[in-house]
Amino acid sequence: MPETITITDDRTGKQITVPITDGVFPASAVRELDPSLYIYDPAYMQTAACKSSITYLDGDNGVLRYRGYPIEQLAAKSTYLEVAYLLLNGELPDAAQLATWTYEVTNHTYIHENMRKRFVDGFHYDAHPMGMFVSSLAALGTFYNDAKDIDDKASRDKQILRLIAKTPTLASMAYRFSAGLPFVYPDNDLSFPGNFLNMMWKVGEYNIDPRLERAMDVLFILHADHEQNCGTTAMRIVGSSHADPYTSAAAAASALYGPLHGGANEAVVRMLTDIGHIDNVPAFIEEVKGGKGSRLMGFGHRVYKNYDPRATIIKKTAYDVFEVTGKNPLLDIALKLEETALSDPYFVDRKLYPNVDFYSGLIYQAMGFPVSMFTVLFAIPRTVGWLAHWQELLGDKDQKISRPRQWYTGVEARDYTPMAGR
Ligand code: SDX
């Protein structure tokens, strides 16, 4: 059977046949049929906006692979810095490459003192840490004017290194400011996750529990990339105008901030807290089904019509963390919600399963992070995903500035109406 598709314009009888490659056919076929014809696809539900070799998702079977490696194996055997190298370079590093990469990241964790002493003090005392984080990404770029040299690979690599290394510093700075605590400078003797935990929690002494350090690393691995999600699409769209990577990342982080996207982990814990007790779960589920109140946050996914593989791993990681911190009391409500929803036709028929955000917030809360920091914790590792797609975009000869068209449904031409006639 030919791997082609034929489109016929019944208005003219004109036909176009184009190849289907890996389940994709070029929209240019429509342009050949009639340049004034556009495909209407709000929210890009049926659109492949780019070619990419970074991450593969199979939503029906709950498969997630970074550069071909199953997420389950990377979460069990790798580290975030090794995964960051893999996402950016396409291959796992050898020992020398990993040592160099780790040294480079570790020695770029500081931010300019003016960010600490002047920029951050401009925020209101109760500024949301994610709003501070988004602003800090763009502000960080103002210290590196060479970031505009996006055609220079050496400059791109330097900015990529800076952003990966400094996002934990920006994140902890936002938290420490919100908590009224003095900032903790990066400690280059610590691991990537260990340094972040130290910058977050150190007051006098702070002993890093290796189980929490590993759990943080696993969570960073799981959140590092996820194909053409909303935030990464924002990175690609802004990056396509040849904006620098800091302002492009600020756009991506802004998209992630939304409660339908990365803001869902914060919304889940607020939802579980509002439910308050497992006895209230059935009534809450009925409210969701009736379209009253909130959605079942942390459930559902545009791609996964099966269990999000990350949720499975996070659920297991939660128990490792609770061994150290004690069980999060909201866990029982979450488990009851999952059990009830997965046996209810409303959710089963709509293929709504727990996603990456359903259990992650329980871990963060048990580790002591305030709910307002949850999306910042998502943004730290997702920075490497945004940057991997950004550099892939700039190297893709098919790509140019993103500029979709529209289905105009407004009024036709009309003359200006003087005030007397209105
Ligand atoms: C992330 O894209 C990515 O890869 C994102 C992400 C990543 O790593 O980058 O995986 C991270 O964003 C995970 C998703 C976090 N968001 C949430 O948990 C918020 C709650 N979930 C939803 O709002 C929703 O499921 C979305 C936004 C995730 C997906 O929405 P879609 O694909 O646009 O689906 P939809 O809104 O069209 O819903 C289809 C149906 C609707 O019912 P009907 O109108 O057909 O009757 O399912 C219902 C929706 O009402 N539905 C839900 C629901 N999600 C969808 N009903 C109740 N609770 C929900 N959570």
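The rules we used
Residues numbered from 1 in each chain as written. Predicted model: local features only at pLDDT ≥ 70, side-chain atom pairs only at ≥ 80, totals over all residues. Heavy atoms only, no water. Salt bridge = Lys/Arg side-chain N within 4 Å of Asp/Glu carboxyl O. Buried < 20%, exposed > 50% of the residue type's maximum accessible area, 1.4 Å probe, protein only. Helix = DSSP H or I, 4+ residues; strand = E, 2+ residues; numbered from the N terminus. 1 Å grid on protein atoms, 1.4 Å probe; cavity = no way out; pocket = protein on both sides within 12 Å on 5 of 7 lines; lining within 4 Å. Points joined across faces, edges and corners; volume = space filled by probe spheres on them. Nonpolar A, V, L, I, M, F, W, Y, C, P; charged D, E, K, R; others polar. Near = heavy atom within 4 Å. Polar contact = N/O pair within 3.5 Å; in protein donor to acceptor, adjacent residues only side chain to side chain. Areas by Shrake-Rupley, 256 points an atom, 1.4 Å probe, with all protein chains shown as cover.

**Student:** Let's hear about the pattern of salt bridges: which residues, and what values?
**Tutor:** For the coordinates displayed, the defined rule picks out 19 salt bridges. Put simply, Asp9 and Arg11 hold a salt bridge, and the shortest N to O gap is 2.7 Å. Residue Arg11 is classed as exposed on the basis of its relative accessible area, which comes to 58%. Between Arg116 and Glu113 there is a salt bridge, with the nearest N and O atoms lying 3.8 Å from each other. You can see Arg116 and its partner Glu113 sitting in helix H5 (residues 113-119), 3 residues apart, about one turn around the helix. The class for Glu113 is partly exposed, based on a relative accessible area of 26%. A network of salt bridges, in which partner residues are shared, links Asp9, Arg11 and Asp34.

**Student:** Account for empty space enclosed by the protein, with residues named and values stated.
**Tutor:** On inspection of all chains with the given rule, the structure shows 1 cavity of 30 Å³ or more. Lining the largest cavity are Leu81, Val105, Thr106, Thr109, Ala165, Pro168, Asp187, Asn188, Leu190, Ser191, Phe192 and Asn195. Counting residues per element, the ones that place at least two in the lining of the largest cavity are helix H4 (95-106), helix H7 (153-178) and helix H8 (192-201). Within the lining of the largest cavity, the residues separate by chemical class into 6 nonpolar, 5 polar and 1 charged.

**Student:** Please set out the site of the ligand residue by residue, giving values where relevant.
**Tutor:** Near the ligand lie 23 residues; those nearest to it are His226, Arg295, His301, Arg302 and Arg310. Interatomic distance of 2.8 Å between a backbone N/O atom of Leu296 and a nitrogen atom of the ligand. Take His301: an N or O atom from its side chain is 2.6 Å from an oxygen atom of the ligand. Contact with the protein chains hides 76% of the accessible area of the ligand, taken as 1,000 Å² for the molecule alone.

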